[in-house]
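# What the coordinates show
What follows is the residue order along each chain.
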Amino acid sequence: MTIHTKSIELPRLDARAVAVFEYALSRGSLKRWPHDAPENLGMSPRDVEDACRTLLSLRLLRPAPDCPEELMPVSPDAAAAEAVGPLEAQVAQAAAHAQSVREDLRMLMPHYRAAQRERDHQQGVDVLPDLTAASAMLTQESARCREEVFSIQPGGGRAPHRLGDAIERDLAMLRRGVVMRTLYQHSARASLSTQGYVETLTEAGAEYRTAAELPDRAVVFDRSVAFLPRRADGGPGEGAVLVRDPDVVAYLCRVFDQAWSGATPFHGSSEAAYKEVGPSMRRALVGLLAEGAKDEVIARRMGMSLRTCRRHIADLMEELGAESRFQGGALAERAGLTTAVRPAAE
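Residues numbered from 1 in each chain as written. Predicted model: local features only at pLDDT ≥ 70, side-chain atom pairs only at ≥ 80, totals over all residues. Heavy atoms only, no water.

For the protein chain, the name recorded in an unreviewed UniProt entry is HTH luxR-type domain-containing protein, with Streptomyces spororaveus as its organism.

One open sheet accounts for 8 strands, arranged β4-β10-β9-β8-β5-β6-β7-β11; its pairing is mixed. Taken across any chain shown, the strands that pair with only one partner, and hence form the sheet edges, are β4 (125–128) and β11 (264–265). As defined by bridge partners, strand β8 (residues 218–221) adjoins strand β9 (residues 225–228) across 3 bridges and the pair is classed as antiparallel. Its bridge partner being in β9, valine 220 is matched across the sheet by alanine 226. In the packing of helix α6 (residues 131–144) onto the sheet, contacts are made with β4, β8, β9 and β10 (240–243), and the angle to β9 comes to roughly 155 degrees. (Pairing = 2+ DSSP bridges. Helix = DSSP H or I, 4+ residues; strand = E, 2+ residues; numbered from the N terminus. Contact = heavy atoms within 4.5 Å. Axes fitted to C-alpha atoms, helices over the stretch in contact; angles between N-to-C directions.)

Scanning the model with the defined rule gives 5 aromatic pairs in all. Their ring planes at 70 degrees and their centres at 6.2 Å tell us that tyrosine 197 and tyrosine 208 sit as a pair that is edge-to-face. Taken together, the positions of tyrosine 197 in helix α8 (residues 192–203) and tyrosine 208 in strand β7 (residues 207–211) put the pair 11 residues apart, joining distant regions of the chain. Classification of tyrosine 197 as buried rests on a relative accessible area of 5%. When its relative accessible area of 3% is taken as the criterion, tyrosine 208 is described as buried. Measuring from ring centre to ring centre gives 5.7 Å for phenylalanine 256 and tryptophan 260, while their planes differ by 25 degrees; the resulting arrangement is stacked. Here the residue phenylalanine 256 and the residue tryptophan 260 both occupy positions in helix α9 (residues 246–261), the gap between them amounting to 4 residues, near one helical turn. Pair check on accessibility: phenylalanine 256 and tryptophan 260 agree, each one buried. Above the plane of the ring of tryptophan 260 lies arginine 181, whose end atom (NZ or CZ) is 5.2 Å from the centre. (Phe/Tyr/Trp six-rings, centres within 6.5 Å; stacked < 30°, edge-to-face > 60°. Buried < 20%, exposed > 50% of the residue type's maximum accessible area, 1.4 Å probe, protein only. Lys NZ or Arg CZ within 6 Å of the ring centre and 35° of its normal.)

In structure tokens, the structure reads:
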């Protein structure tokens, strides 16, 4: 059924209409085109005529029964009931129609969800071409999450504006009782914005740990939906790939659980936050040097700038008294710097 309604438009009272209405009240009535009103009100005849039309539309004036040229003032309450009543009825009819259409559309949701589940099962992967699309879908899945979310965030500290966008979304999940765990690299501990973010979320119930090296970014909701960066053909990872394939998601969960068990707890701002991971960072640095990795590769894998990476390398070589990277590796092995120590449990 299609509902067609004629739009009801009512004028708004202005100063001229109010002045003419008060004049009519003082006189008891008003001639439709009075000769004395313009002079008494300081208004032109045209202004008075326009004001009378407004008052007639709003039912504040009505023609006298025995003299149509004489306009009688009407109680504003009675005028409101007469003028606004049809408009309110129209609004109520439109609202009922809107609710009826909404219910009709909602009836199709089970069909849509069933088809979506079947399509997801068949395809398993959705490509989100850019950061905007990825962010919108991430927000949607965050709102749906009910049990657990974990993420892997390699690189150094996250940009303040990214953290600002994420904090309310993450707090909303924590308030729903969602378990939240995040892995950063050790280098993130040097970021003040990341320290503050981690401290705030930790107080709300989230858990954070850091490791010297991590695989690529990943976010997994309820161990059923995963977000991965787009890396095909050497892409920069700006967009994302949304994965629902159970086997792929289960593999990511195992990778995360293993990395989490060997990572170091991180609670946010602390003078010792960076020092306590120094041995782990040195072991990773020594290992990469022993592999013959270039400075650029080491910096990328350890999530730090090239300048910071070279400073760490120089400090390590000076500490070991090594004149070459090969010698540094041998001396580090002799000093026990390559021996891993499992982090203490919280």
